[in-house]
Amino acid sequence: MVCGTALPQDFEALLREDPEIADVLLGELRRQSDTLQLTAAENFTSPAVLAALGSPLANKYAEGYPGARHHGGCEQADAAERIACRRATALFGAEHANVQAHSGSSAVLAAYAALLRPGDTVLAMGLPYGGHLTHGSPANFSGRWFEFVGYGVDSESGLIDYAQVRALARTHRPKAIVSGSISYPRHPDHALFREIADEVGAYLIADSAHPMGLIAGGAAPSPVPYADVVCATTHKVLRGPRGGMILCGAELAERIDRAVFPFTQGGAQMHTIAAKAVAFGEAATPAFTAYAHRVVDRARVLAAGLEAEGFEITTGGTDTHLIVADPAPLGVDGPGARARLAAAGVVLDTCALPYGDARGIRLGTAAVTTQGMDETDMARLAVLLGTAVRQEGDVRDEVRELVGGHPPYPG
């Protein structure tokens, strides 16, 4: 018998039928249970979400939307999607939700497809300042199909330069303005973005993949009242399955839906949509609200601890789950720090630092908060990270002890 609520009840069947893949899954469970997960874009789903992902809905082909599918036998698939959409709109106060997007990038692609045409100008955060690949990277569809103009941050504070955003909008008259970032640890001013968009007649697209779980828990301001379209992921702080979603007003609902299917995607992943519904239901509880606020509290304690260890913290702190730190004062760059931390059993990412070619480290507190780690653990963790980056001692056993006291899936 294989123990652990992270594994399906019929895992023994996989062990019998395909021990090679079963060994991979067991290895991943051991990795997640034996190392510290500080990747800002990751979290641990609940056993209920995992159960939905492994459900018979994985077998169902369901191109189209509830009540208008291109395949028969979609009664339960329709029910699952309607529940997911109903829960999403209630959770975020939106008029319409599309839950079919396979990822955050798929959601952004659909938003662009619904509102823009190739060659249109888009104003978004520049990649060196924390913009996403879908914000104009030449390696991405966005940079190939649209003319992107990038805004940045103030060189002293590291905060978004809204005067620059307004000036660029007036100069370039973009068809759309995108708010959102993969490494900006402060809340964007949604009302000000709306004001600037209205001034130049642009759509406002909020790319809220990272803070969506905080928004669900009331720990971050919502872009829904201000943006024409909100794109997000359902994992990260939201703690659901890997996937995307789009929120919008009723007037854009049909355009968004058509941009997802049939324009950019085929059949919906119904097992993932059922898992999204589970996650939305969990996020609507008082327990999740408390969790979201704890995530921010933990991040602030960890950021302060890292600063005390000698790291330079971008923007001087955080309002979210995200921390961006420059390890240069400790004598190493971002990739070097990540490698030293990986050797110590700490998993995190690197990211661009504003103004310059240097890279720092990006970390988040969503997963460790899900595991039940508190402020005392965050203070201890900051010391462990500093010790590992400075190479002042082997902290692997201490990391293993910390994780062992807070297993992601007890049992």
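Our subject is the structure listed above.
What you see is a predicted model, and the numbers here were worked out from it, not measured in a lab.

Rules used in this analysis
Residues numbered from 1 in each chain as written. Predicted model: local features only at pLDDT ≥ 70, side-chain atom pairs only at ≥ 80, totals over all residues. Heavy atoms only, no water. Salt bridge = Lys/Arg side-chain N within 4 Å of Asp/Glu carboxyl O. Helix = DSSP H or I, 4+ residues; strand = E, 2+ residues; numbered from the N terminus. Buried < 20%, exposed > 50% of the residue type's maximum accessible area, 1.4 Å probe, protein only. 1 Å grid on protein atoms, 1.4 Å probe; cavity = no way out; pocket = protein on both sides within 12 Å on 5 of 7 lines; lining within 4 Å. Points joined across faces, edges and corners; volume = space filled by probe spheres on them. Nonpolar A, V, L, I, M, F, W, Y, C, P; charged D, E, K, R; others polar. Polar contact = N/O pair within 3.5 Å; in protein donor to acceptor, adjacent residues only side chain to side chain. Contact = heavy atoms within 4.5 Å. Core = buried A, V, L, I, M, F, W, Y, C linked by side-chain atoms within 4.5 Å. Axes fitted to C-alpha atoms, helices over the stretch in contact; angles between N-to-C directions. Parallel < 35°, antiparallel > 145°, perpendicular 65-115°, else oblique. Left-handed = near helix turned anticlockwise from the far one by under 90°. Disulfide = S-S within 2.5 Å. Phe/Tyr/Trp six-rings, centres within 6.5 Å; stacked < 30°, edge-to-face > 60°. Lys NZ or Arg CZ within 6 Å of the ring centre and 35° of its normal. Expected span 1.5 Å × (residues − 1). Arc of directions from axis to C-beta.

Details of the pattern of salt bridges
Here's step 1: One pass over the structure, following the stated rule, counts 20 salt bridges.
Here's step 2: Lys175 serves as the salt-bridge partner of Asp120, at 3.6 Å between the closest nitrogen and oxygen. Highlighted residues: Asp120 in the loop between α5 (104-115) and β5 (121-125) and Lys175 in the loop between α7 (162-172) and β7 (176-179), separated in sequence by 55 residues.
Here's step 3: For Asp120, a relative accessible area of 18% puts it in the buried group.

A look at the layout of surface pockets
Here's step 1: Put simply, the second largest pocket is a space of about 540 Å³.
Here's step 2: Together, 30 residues line the second largest pocket, and His132, Ile182, His210, Lys236 and Arg362 are the ones closest to its centre.
Here's step 3: Secondary structure elements with two or more residues in the lining of the second largest pocket: α5, β14 (349-352) and β15 (359-364).
Here's step 4: If you tally residues by element for the lining of the second largest pocket, the top one is β14, at four residues.
Here's step 5: Each residue belonging to the lining of the second largest pocket can be placed in one class, and the counts come to eight nonpolar, 15 polar and seven charged.

Side note on the side chain of His96
Here's step 1: Assignment of secondary structure puts His96 in strand β4 (residues 96-98).
Here's step 2: Side chain to side chain, His96 and Asp257 meet in a polar contact 2.9 Å long.
Here's step 3: Once residues within four sequence positions are removed from consideration, His96 is found in contact with Thr89, Ile246, Leu247, Cys248, Gly249, Ala253 and Asp257.

Quick look at the nonpolar core
Here's step 1: Ranked by internal contacts, the top residues of the largest apolar core, which has 64 residues, are Phe92 and Ile177.
Here's step 2: Here the element with the most residues in this core is helix α11 (residues 270-283); it accounts for eight residues.
Here's step 3: In this structure, Ile177 is in contact with Leu123, Ala169, Phe193, Ile196, Ala197, Val200, Ala202, Tyr203, Leu204 and Ile205, ignoring residues within four places of it in sequence.
Here's step 4: By size, the runner-up hydrophobic cluster in this structure holds 32 residues, among which are Ala337, Ala344, Leu348 and Ile361.

Looking at empty space enclosed by the protein
Here's step 1: Following the criterion strictly, the structure yields three cavities of 30 Å³ or more and no others.
Here's step 2: Lining the largest cavity are 22 residues, and of these Ser181, Tyr184, Arg186, Pro188 and Pro211 lie nearest its centre.
Here's step 3: Looking at side-chain class alone, the lining of the largest cavity contains eleven nonpolar, nine polar and two charged residues.
Here's step 4: Its boundaries defined by the atoms lining it, the second largest cavity holds a volume of some 70 Å³.
Here's step 5: In terms of lining, the second largest cavity is formed by 13 residues, of which the most central are Tyr129, Ser183, Thr314, Ala352 and Pro354.

Some words on the packing of α7 against helix α8 (residues 190-200)
Here's step 1: Their axes nearest at 9 Å, the elements α7 and α8 cross at an angle of 15°. Taken as axis vectors, α7 and α8 run roughly parallel relative to one another. Relative to α8, α7 is oriented so that their crossing is right-handed. Across the interface between the two elements, Tyr162, Val165, Arg166, Ala169 and Arg170 from α7 touch Leu192, Phe193, Glu195, Ile196, Glu199 and Val200 from α8.
Here's step 2: Class assignment for the residues of the contact of α7 with α8 results in seven nonpolar, no polar and four charged.

Overview of the state of the cysteines
Here's step 1: Across all of its chains, the model carries zero disulfides by this definition.
Here's step 2: Cysteine Cys85 is unpaired, with the sulfur of Cys248 as its nearest cysteine sulfur at 11 Å.
Here's step 3: Note on Cys248: no disulfide assigned, nearest cysteine sulfur contributed by Cys231 at a separation of 9.5 Å.
Here's step 4: By relative accessible area, which is 6% here, Cys248 ends up buried.

What about the side chain of Thr350?
Here's step 1: In this fold, Thr350 is placed in strand β14.
Here's step 2: The exposure class assigned to Thr350 is buried, which follows from its relative accessible area of 18%.
Here's step 3: Within the local environment of Thr350, its side chain forms a polar contact with the side chain of Arg359, the two groups lying 3.3 Å apart.
Here's step 4: Those residues in contact with Thr350 that lie beyond four places of it in its chain are Gly334, Pro335, Arg338, Arg359, Gly360, Ile361 and Arg362.

Comments concerning the packing of aromatic side chains
Here's step 1: Following the criterion strictly, the structure yields nine aromatic pairs and no others.
Here's step 2: Taking the centre distance of 5.5 Å and the plane angle of 75° together, the rings of Tyr112 and Phe146 count as edge-to-face. Note that Tyr112 is positioned in helix α5 and Phe146 in the loop between α6 (141-145) and β6 (147-151), a separation of 34 residues in sequence. Each of the two residues, Tyr112 as well as Phe146, counts as buried.
Here's step 3: Aromatic side chains Phe288 and Tyr291 sit 5.4 Å apart centroid to centroid with 50° between the ring planes, which places their arrangement in the tilted category. With Phe288 and Tyr291 both in helix α12 (residues 286-308) and three residues apart, this pair spans about one turn of that helix.
Here's step 4: Judged by its relative accessible area of 2%, Phe288 is buried.
Here's step 5: Under the relative-accessibility criterion, Tyr291 is labelled buried at 2%.
Here's step 6: An aromatic cluster is defined as three or more aromatic residues linked by ring pairs; in this entry it consists of Tyr112, Phe141, Trp145, Phe146 and Phe148.
Here's step 7: Above the ring of Tyr291, the side-chain terminus of Arg239 is found at 4.0 Å from the ring centroid.

Points about helix α2 (residues 19-34)
Here's step 1: In a regular helix each residue adds 1.5 Å, so 16 residues correspond to 22 Å; α2 covers 22 Å between its end C-alpha atoms and thus fits that length.
Here's step 2: Of the residues making up α2, those classed as buried are Ala22, Leu26, Leu29 and Gln32. The arc that holds the buried residues of α2, viewed along the axis, is 120°, so those residues lie on one side.
Here's step 3: Taken together, the buried residues of α2 touch α1 (11-17) and β1 (36-37).

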